[in-house]
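# Secondary and tertiary structure notes
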Amino acid sequence: MSQQGYVATPPYSQAQPGMGGYQGGFGAGPAQPPYGHYGGPPQTFAAPPTGMMKPPVPSAAGMPPPPASNQYNPNVQQNGAHPQRYPAPPADSAYGQPLQSPYNSMVSTAPPPAQQLTNQMGSMNLGNYAPGPMQSPPPPTSSVIQQPFQTPPAMGQPQMPPGSQLPHMSPPQSPQASMQMSGPPMSGQPMSGPPMPSQPMSGHPMPSQPMSGHPMPGQPMPGQPMSGPPMPSQPMSGHPMPGQPMSGPPMPSQPMSGHPMPGQPMSGPPMPSQPMSGHPMPGQPMSGPPMSGPPMAGPPMAGMGRPFPGPPPAGPGGFQQPGLGAAGPPGYPQQAGQFGGHMAGPQPGPQPGMPGAFPGAPGGLAGPPQKKLDPDSIPSITQVIEDDQVKRGGQVYSTNVRGQVPPLVTTDFTVQDQGNASPRFMRCTTYSLPSTADLAKQCQVPLATIIKPFANLPKNETPLYVVNHGETGPIRCNRCKAYMCPYMQFIDGGRRYQCGFCNCINEVPVFFFQHLDHMGRRADFFERPELSLGSYEFVATLDYCKNNKLPNPPAYIFMIDVSYNNIKSGLVKLICDELKTLLENLPSEDAAESSAVNVGFVTYNKVLHFYNVKSALAQPQMMVVSDTAEMFVPLLDGFLVNYQESRAVIHNLLDQIPDMFADSNESETVFVPVIQAGVEAFKAAECSGKLFIFQSSMPTAEAPGKLKNRDDKKLINTEKEKTLFQPLKGVYEQLSKDCVAQGCCVDLFLFPSQYMDIATMADVPSHTGGSVYKYNNFQVETDGEHFLRDLRKDVQKSIGFDAIMRVRTSTGFRATEFFGAVHMNNTTDVEMAAVDCDKALTVEFKHDDALSEETGALLQCALLYTTVTGQRRLRVHNLSLNCSSQLSELYKSCETDSLINFFAKSACRAILNQPLKNVREILVNQTAHMLACYRKNCASPSAASQLILPDAMKVFPVYMNSLMKMAPLVASTELSTDDRAHQRLLLMGMGVEDTQLLLYPRLTPLHNMDVNAEAPPTPVRCSEERLTDSGMFLLENGHSMFLWLGQATPPELIQSIFNLPSVAHLQGQICALPELDNPLSIKVRSFIDGLIEKRPNSMKLNFVRQKDKPEMLFRQFLVEDKGLHGGASYMDFLCYVHREIRQLLT
Ligand SMILES: [Zn+2]
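Residues numbered from 1 in each chain as written. Predicted model: local features only at pLDDT ≥ 70, side-chain atom pairs only at ≥ 80, totals over all residues. Heavy atoms only, no water.

## Things to note about the coordination of the zinc ion
Rules: Counted as donors are the N, O and S atoms within 2.8 Å of the metal, or 3.2 Å for Na, K and Ca, while water is not among the atoms, so some sites may look incomplete. The geometry test gives tetrahedral to four donors whose angles all lie between 85 and 135 degrees, gives square planar to four donors and octahedral to six donors whose opposite members are over 155 degrees apart with all other angles between 65 and 115, and gives irregular to the rest. In this text, helices come from DSSP runs of H or I with a minimum length of four residues, and strands from runs of E with a minimum of two, each type numbered from the N-terminal end. Each residue's exposure class comes from its accessible area (1.4 Å probe, protein chains only) as a fraction of the maximum for that residue type: buried when under 20%, exposed when over 50%, partly exposed otherwise.
Taken together, the protein ligands of the zinc ion are Cys477 (SG), Cys480 (SG), Cys499 (SG) and Cys502 (SG), with distances of 2.2 to 2.3 Å. Because the angles between the four donor atoms bound to the zinc ion fall within 100 to 116°, the donor set is best described as tetrahedral. All donors to the zinc ion come from one chain, and their sequence spacing reads C-x2-C-x18-C-x2-C. Of the two residues, cysteine 480 sits in the loop between strand S7 (466-467) and strand S8 (489-491) while cysteine 499 sits in the loop between strand S9 (496-498) and strand S10 (505-507), which places them 19 residues apart along the sequence. What makes cysteine 499 buried here is its relative accessible area of 0%.

Structure below.
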């Protein structure tokens, strides 16, 4: 059986003859008058490039593609069977469903009664993170819970007395510099006033007249004293990189001490993968002595046991001690159990428990001699990724099957929309919901979907069709307001339809009437995206527009902090130069068109300078607003302009800005008034848009939103640590609301040299769908290109503005929690000033009632937004899930990458309200609980010593352990508060791809790269053990990138990559590889460039030599190892979780 347990396609696909889809596509059809793009681009659904798609037939388990209406299916053989894509449902069903019986019946044999655990686990009630006192989890009463990490030598900090310091590099933590207000009056005083006569704006600051109170040129204000000595730009060597925790002492709150675990005979190596008859069983018992052989890497073993070798011998050797593993019994005795796949080892004698599992454990703690744990024998993420790529890569994934689990986010595949949204738009933690709330509670697997409504689609996938019903607008259910979609069931000869979400019977509007065929399907099924596709758009009518007025195209305002530091560092000039080319590439819906997005420019320090760049002007004009208490925009006409029309004036301005402030030594800035100015400008122009703010210091100037240093490392590990993550309220809170109301998204580019209170400064961006970029100790030479790549990506991103989203569900469950860079005024409407292609929202569901296994569970995400051309649209994504009373179905249909996205976001939210320690405990407990419930209810009986993981979740513990080592969740005084706050906010907006990569960085060997191979080199496990002295490795996690060079890297390799004689010659600040004309150099650079291009954020390439001090920065990304700031190694964590599971089960 080549499929893993969770794939389970056959029964479904066979039962779905009609779902086979129409590969021919919509494209070739004759005119479809009423719809915009529908039927437009002929490439739609057309065959993708050779090799990308497999023929449709195999994907539908042998069913030929269904006949589609002729006009749409020119390329596909018709079988005349008139398949229904959504077979007629039972009378009360709104959505036909696949036959499930074969599947269910197979599984039903497996799970033992689930009740036993229920009480136990129910009483623990590990729930969500509730603000405030935790009702649920680990009350000290539970020994199970209280033990976390209190076993033997602390994870990662063997023999280190608490508080002892590892060598570390600490980030510069200069106290907030207090700026002296003194010094000479600013040479560049606030400028204002009368439109500048067309004087050239040159070299020196323009004479200026600050304006206060009212918009128009006011009286000149006397020279304002300027703030004091400019802060030197504080260049730092070895500066911390954004988001990179610096090394430090072990995580204090997790002392691992305590007793050795009673002998846990972790036994039995796995059997070599035996073909299993019958259905795949997900269970993977892990047991036994280390396998050196076919362990995890083996062929996909559905339900096959995989060994979890016993812990290593006690003593210093710990896991490192070689030899023992190899000594394990060669055979793979079979485990008792009806599946034959579950293996218990030969029970080579009880193995000592956990203690030995912690490297460095004092010998005394350990029990009897232990077997070495072979790291290769525990589930590997890289292996799982590779297996999925082999199995599903290069294939077409048709979304015609309810509850189908998509390929992994890391797999290359092509999506064909056949009635459910592409996994690029929506992914779920499980594709089979438990049918009752009790079951959901019992297993504690979060039920959630991660929605990335604007996800970029690869070029070979069809862009969304736009449906235009003219003045009538989209058709919606009268009761629940769900939009017309494939889950509406037409009845009564086509005159009425039943809503799949609320079951209400609605009249079909006259203009929309269509006859039904003998299968009960509308004759125009294939002509209307809203009947046959998972995702599409509607043109919205005036009813969907603010004030019943069609929106104007959005605008982008560039707001540049021109305080001393930014001028001196060259940042201002860098930005201005870049904008001249960047503005040529503002987003448009159709690449051929010029952009409709207007642009505006503001510079600021303590005061704001607005620029009139009207095309008619020969020179730009500056107006200054120095009264920042009541922000207003001093000019309307000429502030927001079309770039193409005003190009000359804008270039003139951009040329002059760096010089205008060259002599300024104003080092104080404002911040809130800058955003307020943007909101006011949009308000005046009646548009939405985005602010690009470039700021390098905390706003300390006297103005609303003035901040002071509130960083306090003493709070770490206390009840008050959460306050470090909490934004200041007051004016910031109101500002977020104002921004959302106006559709004003804020993107923040920060260039800090010290604490900036990012928790507060990034609050508005994180509620408006904005992004926050941070470049610590920015230097143009080394960070400039990195920053510019980010800026370019950001400006050109596909994006929607002034958005409001609603997630509807069929009866029995509903959306209860929303995690993302969003704002919520009520419990159901998600408001986003903007949402771009990289932002994802994670939505959690709870049961209201029992769900029907027959009709399944339906989701509809409807997003109302304004396009970059100013059109109001509704984007609809539909997804149908299975429901089952068998928990084994749920576990089989889990998606680990989505689960970890949910946990990451919920934990990041929880730390705003709870001590970190509680949050970590909840994470561990819930992990153990989910796995214990599986073990209890779904796995075949086996020795308690075996760790059995559901196949679809077998690498979940790696991710979970990595999550707990993320900067926001680690209470270490060595980490910068801003870095932690920044990472927390980043995580909140991430989609599944991003959290996957962040939590498990790619470590790719480059030294043995085949320069002729097309495929990129295969990553290795993220552990120090995988590094070799003579190797060169690239590590990246979507935010940081390192090229690691072993001490013994051959000189030839260094020569061909760096043009240097040896590793030792690699000195100073290199920020890019030299362009050398040899195959290896070309290959390596193209690989790196490809990654940078592919990720949402650009990454700076850092060079690290083995054993150099900066290697610490790199090592913290080796997530299978012990954390530099505390946190267990993967192996230790797995042992720990195993022990927790055993406790839950006894
Ligand atoms: Zn309805």
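## Re the pairing of strand S18 (residues 744-750)
The criterion, for reference: Strand pairing follows a simple DSSP-based rule, namely that at least 2 bridges must link the two strands.
Most of S18 is tucked away: seven of the seven residues are buried. Residues Cys744, Val746, Leu748 and Leu750 of S18 are buried on one face, and the alternating residues Cys745, Asp747 and Phe749, pointing to the opposite face, are buried as well. Pairing of S18 with strand S19 (residues 772-774), which is carried by three bridges, proceeds in the parallel orientation. Within S19, the residue paired with leucine 748 across the bridge is valine 772.

## Considering the environment of lysine 481
For the record, the criterion: Any two residues having at least one pair of non-hydrogen atoms within 4.5 Å are treated as being in contact.
Inspection of the secondary structure assignment puts lysine 481 in the loop between S7 and S8. Its relative accessible area of 38% is what places lysine 481 among the partly exposed residues. Along the sequence, lysine 481 and phenylalanine 501 sit 20 residues apart, while their C-alpha atoms lie 9.3 Å from each other. Residue contacts for lysine 481: discarding those within four places in its chain leaves Arg476 and Arg808.

## Observations concerning the side chain of aspartate 561
The criterion, for reference: In this tally, Lys and Arg are treated as positive and Asp and Glu as negative; His is ignored, and so are the chain termini. Put simply, a salt bridge is a Lys or Arg side-chain nitrogen that is within 4 Å of an Asp or Glu carboxyl oxygen. Polar contacts, as used here, are pairs of N or O atoms within 3.5 Å; protein pairs need one atom able to donate a hydrogen and one able to accept it. Residues neighboring in sequence count only if both atoms are side-chain atoms.
Considering the arrangement of structural elements, one finds aspartate 561 in strand S12 (residues 555-561). Put simply, aspartate 561 is tucked away with no salt bridge, and the nearest opposite charge, on lysine 568, sits 12 Å away. A polar contact is formed between the side chain of aspartate 561 and the side chain of serine 563, at a distance of 2.6 Å. Residue contacts for aspartate 561: discarding those within four places in its chain leaves Asn566, Val572, Tyr604, Thr669, Phe694, Gln695, Ser696 and Ser697.

## Some words on the packing of helix H13 (residues 672-685) against helix H14 (residues 731-742)
For clarity, the threshold we go by: Helix axes are fitted only over the stretch in contact, all axes being lines through C-alpha atoms; the angle between N-to-C directions runs from 0 to 180 degrees. Note on terminology: angles under 35 degrees are roughly parallel, angles over 145 are roughly antiparallel, angles of 65 to 115 are roughly perpendicular, and the others are oblique. Handedness of a helix crossing follows the sense of rotation of the near helix relative to the far helix, less than a right angle counterclockwise being left-handed and clockwise being right-handed. Lys, Arg, Asp and Glu make up the charged group, whereas Ala, Val, Leu, Ile, Met, Phe, Trp, Tyr, Cys and Pro make up the nonpolar group; the residues left over, Gly among them, are polar.
The contact between H13 and H14 brings their axes to 10 Å, and the two run at 25°. In terms of orientation, H13 lies roughly parallel with respect to H14. Between H13 and H14 the crossing geometry is left-handed. Contacts between H13 and H14 involve Val672, Ile675, Gln676, Val679, Phe682 and Lys683 on the former and, on the latter, Val731, Tyr732, Leu735, Asp738, Cys739 and Gln742. Per-class residue counts for the contact of H13 with H14 are eight nonpolar, two polar and two charged.

## Focus: helix H23 (residues 992-999)
Counting buried positions along H23 yields seven of eight residues, so the element is predominantly enclosed. All of the buried residues along H23 are Val992, Asp994, Thr995, Gln996, Leu997, Leu998 and Leu999.

## Observations regarding the pairing of strand S28 (residues 1002-1005)
Because side chains alternate across S28, one face comprises the buried residues Arg1002 and Thr1004, and the other comprises Leu1003 and Pro1005, equally buried. Where S28 meets strand S29 (residues 1032-1036), four bridges bridge the pair, whose relative direction is antiparallel. Residue pairing across strands places leucine 1003 opposite leucine 1035, the latter belonging to S29.

## A few points about the confidence of the model for the chain
This is how it is decided: Along the chain, pLDDT gives the predictor's confidence residue by residue, from 0 to 100.
Per-residue confidence for the chain gives a mean pLDDT of 75; residues scoring 70 or more make up 67%. Segment residues 1-370: pLDDT under 50, and 998 contacts once partners within four positions in sequence are set aside and those in other chains are kept.

## A word on the pattern of salt bridges
The full count for this structure, using the stated rule, is 49 salt bridges. Across the pair glutamate 733 and lysine 729 runs a salt bridge, and its minimum N-O distance is 4.0 Å. Look at lysine 729 and you get exposed, because its relative accessible area is 56%. Within the structure, one salt-bridge network assembled from shared partners comprises Arg522, Asp524, Arg528 and Glu530.

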